[in-house]
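Results of the structural survey
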Amino acid sequence: MSTSNADPHLRKIIHIDMDAFFAAVEQRDNPHYQDKPIIVGGPPNSRGVVATCSYQARKFGIHSAMPSSQAYRLCPLAIFVRPRFDVYKQVSAQIREIFAGFTTLFEPVSLDEAYLDVTDVDGYKGSATLIAQAIKQRIHTHTGLIASAGVSYNKFLAKIASDMDKPDGLYLISPEEGEAFVENLEIGKFHGIGRATEKKMHDLEIYTGQDLKALPLPVLEQYFGKSGKYYYHISRGIDHRPVVNARISKSVSVENTFARDIQGHEPIMQTLTKLLDEAWLKLQAKGMAARTLTLKIKYHDFEQITRSRTFSSQITQLHGLTEVMAELLCDTRVTDKKVRLLGVGFSGLQPNADVVFQQLDLFERIAKSSLR
Ligand code: TTP
Ligand code: MG
């Protein structure tokens, strides 16, 4: 993307996302895994889940978060591999160093993903596409792995662009194309529109960016609250969010609203154990560690409470947290009130450089828990 004859205020944003990240690392490190369907995650003979899989496995319909047993049924010949988070973290640090070699203005979003603002980067004939190519090349040279890149004038479009041409993609959405591109995009492909919102939009007969754009701002705000304004802008290809250096997330949380209110210590603890595993996984994927664990409960009458425990140092393992949850639960009214929603959160986050990963333990626990 060249801005030489375009609006001088236009930014040049690159989104980088590694291809089949965990699986690609495993294929790199084990010659027997090359070109084969590889599944990284919990074992198939259990209730484990797929963290990710190689593109060879995706041909069978396997994807992240699918139960491993289902993945096994889809492709019995696939090779199941336990995750090695310490290696993924090392690679993540390597690619961040590579980003830093191009610009100081980059924002890691997860272990394998980052936004770079290259507006002020000199050279490369002023072309963000050439910079993206150079980043991909450098990543390959230094890690032996393949990244996909999206190039555009804001984060929303750069993120979509990096997904357009995967694997080994390099896709540009130019300022001239941006608005029309979003118009033709299916709502489900919008980053930031999850399954529930997608369904709500479909119910309102919003299927594409064009349908979204047709709705006036007050209507969007009426249906979607604060997000209405964001949808109004992105449907026009507008996203002013800056690329922020080394984003420090303050918290990570997961929650579950029940189709029918639940009651009783046992079903509640079962759900909390599952949510705890999911929240922990999210925390690890961010490369962060927490000091505070929070339990959130919404009772059937919508009264909402939280109970927290803050530790004197970083929480380094999942082991023992179920017991802490059980203690937090004692200080609630779950014995005499039905529960509509349960949530688990980690906060007080810091980069977890010192954390000893207990991932195998995690995946074994997921395998044993009721995670489906
Ligand atoms: P993604 O970038 O979403 O997926 P990916 O890199 O495996 O594949 P691609 O980008 O080519 O589509 O996630 C990065 C890593 O995060 C992924 O390799 C494994 C991990 N992860 C999970 O553990 N659970 C999940 O549900 C997802 C989506 C990812
Ligand atoms: Mg990826």
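Numbering of residues begins from 1 in every chain and follows the order in which that chain's sequence is written. Just so you know, chain letters begin at A and ligand numbers begin at 1, following the order they were written in. Two thresholds apply to this predicted model, a pLDDT of at least 70 for residue-level local features and 80 or more for giving and counting side-chain atom pairs, whereas whole-chain, interface and lining totals are computed over all residues. Excluded from the side-chain calculations are hydrogens and water; all other atoms, namely the structure's heavy atoms, are used.

1. Side note on the overall build of the protein chain
Strands are runs of DSSP state E lasting at least two residues, helices are runs of H or I lasting at least four, and both sets are numbered from the N terminus onward. A count of helical and extended segments in the protein chain gives 14 helices and 14 strands. In this treatment the radius of gyration is a C-alpha quantity, and the globule benchmark scales as 2.2 Å times the residue count to the 0.38 power. By the compact-globule yardstick of 21 Å for 372 residues, the protein chain fits well, its C-alpha radius of gyration being 22 Å. When its C-alpha atoms are laid out on the principal axes, the protein chain stretches across 65 × 55 × 45 Å. Per-residue accessibility, obtained with a 1.4 Å probe over protein chains only, is compared with the maximum for each type, and a residue is labelled buried under 20%, exposed over 50%, and partly exposed between these values. When the 372 residues of the protein chain are sorted by exposure, 48% land in the buried category.

2. Let's talk about the nonpolar core
Counting residues in each nonpolar core, the largest one holds 37 residues, and the members touching the most others are Ile14, Ile16, Phe21, Phe99, Ile135 and Ile139. Contributing elements (two or more residues each) for this core: β1 (13–18), α1 (21–29), β2 (38–41), α4 (85–102), β6 (113–117), α5 (128–143) and β7 (147–152). Considering each element in turn, this core owes the most residues, 8 residues, to α4. For Phe21, the contacting residues outside a window of four places in its chain are Tyr88, Val91, Ser92, Leu111, Asp112 and Leu145. To qualify as a nonpolar core, a set must consist of buried Ala, Val, Leu, Ile, Met, Phe, Trp, Tyr and Cys residues joined through side-chain atoms within 4.5 Å. In this analysis, two residues are considered to be in contact whenever any of their non-hydrogen atoms come within 4.5 Å of each other.

3. Here's the deal with the environment of Ala279
Within the secondary structure, Ala279 is located in helix α12 (residues 265–285). Looking at Ala279, the relative accessible area reads 0%, which means it is buried. Taking C-alpha positions, Ala279 is 5.8 Å from Val254, a pair spaced 25 residues apart along the chain. Among all residues touching Ala279, those that are not within four sequence positions of it are Val252, Val254, Val344 and Phe346.

4. Overview of the pattern of salt bridges
Salt bridge, as applied in this entry: a Lys or Arg side-chain nitrogen positioned within 4 Å of an Asp or Glu carboxyl oxygen. Tallying each qualifying case throughout the model produces 18 salt bridges. Measuring nitrogen to oxygen at the nearest pair gives 2.8 Å for the salt bridge that ties Lys296 to Glu255. Separated by 41 residues along the polypeptide, Lys296 in strand β11 (residues 292–299) and Glu255 in strand β9 (residues 251–262) bring together distant segments of the chain. Residue Glu255 is classed as partly exposed on the basis of its relative accessible area, which comes to 44%. Asp331 is the partner of Arg307 in a salt bridge, and the nearest nitrogen-oxygen pair spans 3.1 Å. On the criterion of sequence distance, the pair formed by Arg307 in strand β12 (residues 304–310) and Asp331 in the loop between α13 (321–330) and β13 (339–347) is long-range, its members being 24 residues apart. The exposure class of Arg307 is partly exposed, given its relative accessible area of 25%. Residue Asp331 is classed as partly exposed on the basis of its relative accessible area, which comes to 49%. Overlapping salt bridges, with partners in common, bring together Glu26, Arg28, Asp29 and Arg84 in one network.

5. A word on the sheet that holds β7
Taking strand neighbours across the sheet as the criterion, the 5 strands line up as β5-β6-β1-β7-β8 in an open arrangement whose pairing is mixed. Here the strands that pair on one side only, and so sit at the sheet edges, are β5 (106–110) and β8 (170–172). Mean inter-strand twist for the sheet, computed between neighbouring axes without regard to direction, equals 15°. Pairs of strands are assigned from DSSP output, requiring at least two bridges between the strands. Where β1 and β7 come together, 6 bridges link them in antiparallel fashion. Every angle, taken between N-to-C directions, lies between 0 and 180 degrees, and every axis is a line fitted to C-alpha atoms, over only the stretch in contact when it is a helix.

6. A look at the packing of α1 against α4
Contact geometry for α1 and α4: axes closest at 10 Å, N-to-C directions at 100°. Taken as axis vectors, α1 and α4 run roughly perpendicular relative to one another. Along the contact surface, α1 presents Phe21, Phe22, Val25, Glu26, Arg28 and Asp29, while α4 presents Phe85, Val87, Tyr88, Val91 and Ser92. Ten residues, namely Ala, Val, Leu, Ile, Met, Phe, Trp, Tyr, Cys and Pro, are considered nonpolar, four, namely Asp, Glu, Lys and Arg, are considered charged, and the remaining ones, Gly among them, are considered polar. For the contact of α1 with α4, a count of residues per class yields 7 nonpolar, 1 polar and 3 charged. With respect to orientation, any angle under 35 degrees is reported as roughly parallel, any angle over 145 as roughly antiparallel, any angle of 65 to 115 as roughly perpendicular, and every other angle as oblique.

7. Considerations on the packing of helix α10 (residues 217–224) against helix α11 (residues 227–234)
Interhelical geometry of α10 versus α11 gives an angle of 135° and a closest axis separation of 7 Å. Our classification of the angle between α10 and α11 gives oblique. The element α10 and its partner α11 pack so that their crossing is right-handed. Together, Leu217, Leu220, Glu221 and Phe224 of α10 and Ser227, Gly228, Lys229, Tyr231 and Tyr232 of α11 make up the contact between the two elements. The handedness criterion is simple: a crossing whose near helix is rotated anticlockwise from the far helix by less than a right angle is left-handed, and one whose near helix is rotated clockwise is right-handed.

This is a description of form; function is not addressed.
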